[in-house]
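# Topology and contacts: notes
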Amino acid sequence: MAYLPIEQYGVIGDMHTAALVGLNGSIDWWCYPHFDSPSIFAAILDDARGGRFSIAPARDAVRHKQFYFPDTNVLITRFLTSEGAGELIDFMPVGAPAAGHGHHHLIRRVSVVRGALSFRLRCNPAFDYARAPHQTDLSADGAVFRARGLALGLAARVPLTRDGTGVAGEFTLREGQSVSFVLSEAKPGEHLTCLSEEEAQRACRETVGYWQRWIAGSRYRGRWREMVNRSALVLKLLTFAPTGAIVAAPTCSLPETIGGDRNWDYRYTWIRDAAFTLYGLMRIGFAEEASRFMDWLDARIHELGDGGSLRIMYSVEGEADLAEETLDHFEGYCGSRPVRIGNAAHRQLQMDIYGELLDAVYLFNKYGRPIDHDLWTHVRGLLNWVTGHWQQPDEGIWEVRGGRQHLVYSRLMCWVALDRGLRLADRRSFPAERDRWLRARDAIYEEVMDKGWSPSRRAFVQAYGSEKLDASNLLMPLVFFLSPTDPRMLATLDATMRELVSDSLVHRYNVRESPDGLAGDEGTFSMCTFWLVEALTRAGRLGEARMIFEKMLGYANHLGLYSEEIGCCGEALGNFPQALTHLALISAAYNLDRALGAGD
């Protein structure tokens, strides 16, 4: 099978893990049991070796449609042929288990709604990124795949045969008929249990009910309700239920350009996403999810590294060691090597994270619940560390691998850290080194205005001494560093529009003019486009903001999902779906809708 375009996938999950389901009915990515566990299916990273679970009509001439059951993460793939129409419903039960099928069960229900169709099933798991061998045992109820330390069972009511180390099967359904398949962990001594169609329907109904009840809690009633709700459902899907952490994306090593080597593992939680996450969730009414994520952040703040510093990213369970390695036996998506798991950036110095963290704490204290004394004690220590280290060069928000620089955005966010710390101390009358923090905050402001501004370019630049632009500076008015109508901000906005924007799509910077230690080009960054929308909104340029926002909505895939980047032909690039892009969409939609007014 050829590689599907990234945008031709949907995602399902149970808030422990997630799977990508293609328009062709193939599950080409699934890690078990957690988001960052080794893969079981990874055909999206190697078509031949990665493993997949495919259910599709046996004939070739098929038209495909795909959509979510309204306001849910239950995915329906429709197959249309001259002989009949079939539907494949994919979901993972969440909430109360149904018929003994709870978390970590992947259910695929096939039905025919018109005529008759013959289907072909192939399930070829490849444990541990296709590095671990397994044996396959067949029975009347399906098959069990046994690898070292893990066994998975496929319960099926249709006959299966061996297909290499996997299984295959063919079956025909007529109008009104259906059959279900369940893939789950096979515990020692347990027998495979096939779902009756009544049980499968009940499990589906309960899962639909869970998602619909959850999204009904959204307070957003604006112009773009459907896209905002879809983004919220994506964020909930990418939440790791046991800890409240939200992964940046459920995939790894999907390339930022086809054939390139900018391929990273995003199945972790970045401190950087904290403020965006808290703001986005609380703005549309999901206080409980914001509170759970704040609890996760609180635990990380209590686990400071050497000298009181903070790690930039963690696993969903809070582990800080995310050693990077390459899977040299995988060819990568469409030949894009290397395939990386783990992320070496976890050891980088990224000073901006302190601003994003303190902004999150400040917002949560303001809109969520008051922070406690113990958390403030650790926050106070972090702020003292920032006061003594803000002048250090770092790798910054874009995690460059070409050496540390004095990055303007990193300085900006150090200012945010101290500013929010001072506001918190005053709002709550907390003990604090106010004079020291205030002197450092003001020193940062004056330095950014002096060294971060280029008189010749009439814009804030990427780094001190540089003449290159950076889209991260669009956040200056969003974090209240500058007025959105300050002449310098308006000039920076205009320069960004001229040099980094291509038909509403925004490059984070010019990779050819700003070496970052990596080869090749990249696409436009979807979240940067939403940052541009917010900057224009706050500057009062509502017509431009709305047009760019509407055009950007057209770059979502057929399900309303966004990858990290968009290529030169409008194709999705990078890991998919990306949480930060959907967070930025929520924020842009909320603020633009408010600026336009309810009666516009």
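Read on for an overview of the structure.

What counts as what
- Residues numbered from 1 in each chain as written.
- Predicted model: local features only at pLDDT ≥ 70, side-chain atom pairs only at ≥ 80, totals over all residues.
- Heavy atoms only, no water.
- Helix = DSSP H or I, 4+ residues; strand = E, 2+ residues; numbered from the N terminus.
- Rg over C-alpha atoms; globule rule 2.2 N^0.38 Å.
- Areas by Shrake-Rupley, 256 points an atom, 1.4 Å probe, with all protein chains shown as cover.
- Lys, Arg positive; Asp, Glu negative; His and termini not counted.
- Charge placed at Lys NZ, Arg CZ, Asp CG, Glu CD.
- Buried < 20%, exposed > 50% of the residue type's maximum accessible area, 1.4 Å probe, protein only.
- Pairing = 2+ DSSP bridges.
- Phe/Tyr/Trp six-rings, centres within 6.5 Å; stacked < 30°, edge-to-face > 60°.

Regarding its fold elements, the protein chain presents 13 helices and 28 strands. Radius of gyration (C-alpha) of the protein chain: 25 Å, near the 25 Å computed for a compact globule of 600 residues. Once the C-alpha set of the protein chain is aligned to its principal axes, its extents read approximately 75 × 50 × 45 Å. By element, 48% of the accessible surface of the protein chain is carried by carbon and sulfur atoms, the whole surface being about 21,700 Å². Here the protein chain contributes 64 positively and 75 negatively charged side chains, and the mean placements of these two sets differ by 3 Å.

Of all the 6 residues making up strand E11 (residues 142-147), 5 are buried; the element is thus mostly covered by neighbouring parts of the structure. Inspection of the sheet shows strand E10 (residues 134-139) paired to E11 by 6 bridges, in the antiparallel sense. Within E11, the position partnered with Leu138 by the bridge is Ala143. Connecting E10 to the next strand, E11, in antiparallel fashion are 2 residues. Between the antiparallel neighbours E11 and strand E12 (residues 150-156) lie 2 residues, among them Gly149 with a positive phi of about 85°.

Attention now goes to the packing of aromatic side chains. Here a ring pair, both rings aromatic, is described through the centre-centre distance and the interplanar angle of the planes. The tally for this structure, following the rule as stated, stands at 26 aromatic pairs. Arranged with centres 6.2 Å apart and planes meeting at 45°, the rings of Phe41 and Phe53 form a pair that is tilted. Of the two residues, Phe41 sits in strand E4 (residues 39-41) while Phe53 sits in strand E5 (residues 52-57), which places them 12 residues apart along the sequence. The same class applies to Phe41 as to Phe53, namely buried. Pairing Trp376 with Phe430 gives two aromatic rings, centres 4.7 Å apart and planes at 15°, and the pair type is stacked. You can see Trp376 sitting in helix H7 (residues 373-389) and its partner Phe430 sitting in the loop between helix H8 (408-428) and helix H9 (434-451), a full 54 residues away along the chain. On the accessibility criterion, Trp376 (1% relative accessible area) is buried. Judged by its relative accessible area of 8%, Phe430 is buried. Three or more aromatic residues joined by ring pairs form one cluster here, namely Trp30, Tyr32, Phe41 and Phe53.

With that out of the way, let us pick up the pairing of strand E15 (residues 178-185). Counting buried positions along E15 gives 7 out of 8 residues, so the element sits mostly inside the fold. Summarising the sheet, strand E9 (residues 106-124) and E15 pair through 6 bridges and their orientation is antiparallel. Across the sheet, Ser111 pairs through a bridge with Ser178, a residue of E15. In terms of strand pairing, E12 meets E15 through 5 bridges, oriented antiparallel.

Glancing now at unusual backbone geometry. The step from Tyr32 to Pro33 runs through a cis peptide bond, and the omega angle for that step is 5°. As for its placement among the helices and strands, Pro33 is situated in the loop between strand E3 (26-31) and E4. Look at the link from Phe576 to Pro577: it is a cis peptide, with omega at -15°. As for its placement among the helices and strands, Pro577 is situated in the loop between strand E28 (572-573) and helix H13 (579-596). With a phi close to 65°, Ser253 is a non-glycine residue in the positive phi region. You can see Ser253 is positioned in the loop between strand E17 (245-246) and strand E18 (269-270).

So, to be careful, I would describe these as geometric facts and stop short of saying anything about function.
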